[in-house]
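Geometric and topological summary
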Amino acid sequence: MKDIEFSLEPKEIHPKSEIKGIITVSYPGRYDGVVINTQILDSNEHIIYKSSNGKKISQNVSRLFINKDTMPENKAEFTATIDFEPKQEHEVKFRASIIEQHKEIESQIIFAKYSS
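Source: prediction; values computed, not measured.

**Here we look at the pattern of salt bridges**
All told, the structure shown has 3 salt bridges when counted by the stated rule. Between glutamate 77 and lysine 20 there is a salt bridge; the shortest N-O distance is 3.9 Å. With glutamate 77 in strand 8 (residues 75-81) and lysine 20 in strand 3 (residues 19-25), the pair connects residues that are 57 residues apart, well separated along the chain. With a relative accessible area of 32%, glutamate 77 lands in the partly exposed category. When the shortest N-O distance is used, the salt bridge between glutamate 91 and lysine 113 registers 3.7 Å. Here lysine 113 lies in strand 10 (residues 103-114) and glutamate 91 lies in strand 9 (residues 90-100), a separation of 22 residues in the sequence. Judged by its relative accessible area of 32%, glutamate 91 is partly exposed.

What counts as what
The residue numbers shown here count from 1 along each chain, following its written sequence. Given that this is a predicted model, residues contribute local features only at a pLDDT of at least 70 and side-chain atom pairs are listed and counted only at 80 or more, while totals for whole chains, interfaces and linings are drawn from all residues. To obtain the side-chain values, all non-hydrogen atoms of the structure were included, while hydrogens and water were left out. For this document, the term salt bridge refers to a Lys or Arg side-chain nitrogen within 4 Å of an Asp or Glu carboxyl oxygen. Helix and strand definitions here come from DSSP, where helices need a minimum of 4 consecutive H or I residues and strands a minimum of 2 consecutive E residues; each element is numbered from the N-terminal end. Exposure classes here rest on a 1.4 Å probe applied to the protein chains alone. A residue is buried below 20% of its type maximum, exposed above 50%, and partly exposed in between.

Honestly, that's just the spatial picture; any functional story needs more than this.
Below you can see the structure in the form of structure tokens.
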């Protein structure tokens, strides 16, 4: 097993539909948390994070940090939406990384499609 496992549902995203991500860390060393970077390719729009491990948030940003202290059993879950109406299909890049003392230890990338 890799040090980080990342899954995303669904991989075909539509406006205002819920996106759910699950990250599992099996890194044996000490780490500070995980960060999720999201980029909607060919767009200036951002994802809106709705929750992190059951706690509500509302950040219209492309980056979400989840502290290890809030990750029971080294698991992190988040929900998010993309609200803008796309004029074309976009590829969305999700990158989950383990962070230790401001350094990235390991990451995993998932691509999804965004369209109306």
